[in-house]
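Okay, here's what each chain looks like letter by letter:
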Amino acid sequence: DTGVSQDPRHKITKRGQNVTFRCDPISEHNRLYWYRQTLGQGPEFLTYFQNEAQLEKSRLLSDRFSAERPKGSFSTLEIQRTEQGDSAMYLCASSPPRVGGSATDEQFFGPGTRLTVL
Amino acid sequence: GNSVTQMEGPVTLSEEAFLTINCTYTATGYPSLFWYVQYPGEGLQLLLKATKADDKGSNKGFEATYRKETTSFHLEKGSVQVSDSAVYFCALSDRVNYGGATNKLIFGTGTLLAVQP
């Protein structure tokens, strides 16, 4: 299967610990997105990469959150000093490059990493 | 700012019933509109999309028409099956312009559909 993969699928941690999640996008996709989804809500945008450049960050992404995509392939999302309010599903999505001036809006989602902060 | 409002669930239907899930949006410009589906224990999957006014997206018997005059993108299916039970999300993304808009997706809160045999 060549879809978007995320690791780990589940993470349980204690308040105050640091956690890191990994996302591997579809191989030819240069655009990568992170979203957060809490129970009963739709996903909310966190940040966006085009190749290795982080081009947009949501105000939801506090100083405790950092994301990287060092070689324009996989990406990591780190949360420092976790809080109970960080408990959520963290989703990664990728999109292929734009061709000419047209948009390829479709985003392909991974299965998500479910974080539980105790 | 841009937003999506969709009907609250759960929606409970009997097999072969007609389905409508309402979705309206607020956006500047000309967004693309999407329906994503999340089956139990699985990730989000694109169900259908429409990129301009009056476009109809369709897939697996589901349809939705991009109505600019009513800012709506209601999801319909003529005859639902038990296997359609899932959470359905309406979403929009800003139209891409030269220069690279983010095209982040803005989602509604989701509507749980439960189809009973």
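Residues numbered from 1 in each chain as written. Chains lettered and ligands numbered in written order. Predicted model: local features only at pLDDT ≥ 70, side-chain atom pairs only at ≥ 80, totals over all residues. Heavy atoms only, no water.

A. Quick look at the packing of aromatic side chains. In total, this model carries 13 aromatic pairs over all chains according to the counting rule given. Ring plane angle 40° and centroid distance 5.4 Å describe the contact between A:Phe21 and A:Tyr90, whose orientation is recorded as tilted. Of this pair, A:Phe21 sits in strand 3 (residues 19–24) while A:Tyr90 sits in strand 9 (residues 88–95), and the two are 69 residues apart along the sequence. Each member of the pair A:Phe21 and A:Tyr90 is classed as buried. Taking the centre distance of 6.0 Å and the plane angle of 75° together, the rings of A:Tyr35 and A:Phe45 count as edge-to-face. Placement of the pair is A:Tyr35 in strand 4 (residues 31–37) and A:Phe45 in strand 5 (residues 44–50), with a sequence separation of 10 residues. Among the aromatic side chains, those forming a connected cluster through ring pairs are A:Tyr33, A:Tyr35, A:Phe45, A:Tyr48, A:Phe109, B:Phe34, B:Tyr36, B:Phe89 and B:Phe107. Sitting over the face of the ring of A:Phe45, B:Lys104 holds its NZ or CZ atom 5.5 Å from the ring centroid. (Phe/Tyr/Trp six-rings, centres within 6.5 Å; stacked < 30°, edge-to-face > 60°. Helix = DSSP H or I, 4+ residues; strand = E, 2+ residues; numbered from the N terminus. Buried < 20%, exposed > 50% of the residue type's maximum accessible area, 1.4 Å probe, protein only. Lys NZ or Arg CZ within 6 Å of the ring centre and 35° of its normal.)

B. Highlighting the interface of chain A and chain B. Taken residue by residue, the interface counts 22 residues in chain A and 24 residues in chain B. Each partner contributes to the roughly 1800 Å² buried at the junction of chain A and chain B, and carbon and sulfur atoms together form 52% of this total. Of all residues in chain A, A:Arg98, A:Asp105 and A:Phe109 give up the largest surface area on contact with chain B, accounting jointly for 29% of the area buried on that side. Between the two partners, chain A and chain B, sit one salt bridge. A salt bridge links B:Lys104 to A:Glu56; its shortest N-O distance comes to 2.8 Å. (Contact = heavy atoms within 4.5 Å. Buried area = accessible area lost by both parts, 1.4 Å probe. Salt bridge = Lys/Arg side-chain N within 4 Å of Asp/Glu carboxyl O.)

C. Just the nonpolar core, in detail. Residues and elements named next belong to chain B. Counting residues in hydrophobic clusters, the biggest one holds 26 residues, and the most contacted among them are Leu19, Trp35, Leu47, Leu48, Phe73, Leu75 and Tyr88. Among the secondary structure elements, those contributing two or more residues to this core are strand 2 (11–14), strand 3 (19–21), strand 4 (23–26), strand 5 (32–38), strand 6 (44–50), strand 8 (62–65), strand 10 (86–93) and strand 12 (111–116). The greatest single-element share of this core, amounting to four residues, is contributed by strand 10. When near neighbours in sequence (up to four residues on either side) are disregarded, phenylalanine 73 contacts Cys23, Leu33, Phe34, Trp35, Leu48, Lys49, Ala50, Ala64, Thr65, Tyr66 and Cys90. (Core = buried A, V, L, I, M, F, W, Y, C linked by side-chain atoms within 4.5 Å.)

D. Quick look at the pairing of strand 3 of chain A. Residues and elements named next belong to chain A. Going residue by residue along strand 3, you find Val19, Phe21 and Cys23 tucked away on one face and Thr20, Arg22 and Asp24 left uncovered on the opposite face. Pairing geometry for strand 1 (residues 5–7) and strand 3, over three bridges, is antiparallel. Each residue of the ladder has a partner; that of aspartate 7, found in strand 3, is arginine 22. Pairing of strand 3 with strand 8 (residues 75–79), which is carried by five bridges, proceeds in the antiparallel orientation. In the strand pairing of strand 8, cysteine 23 is matched with serine 75. (Pairing = 2+ DSSP bridges.)

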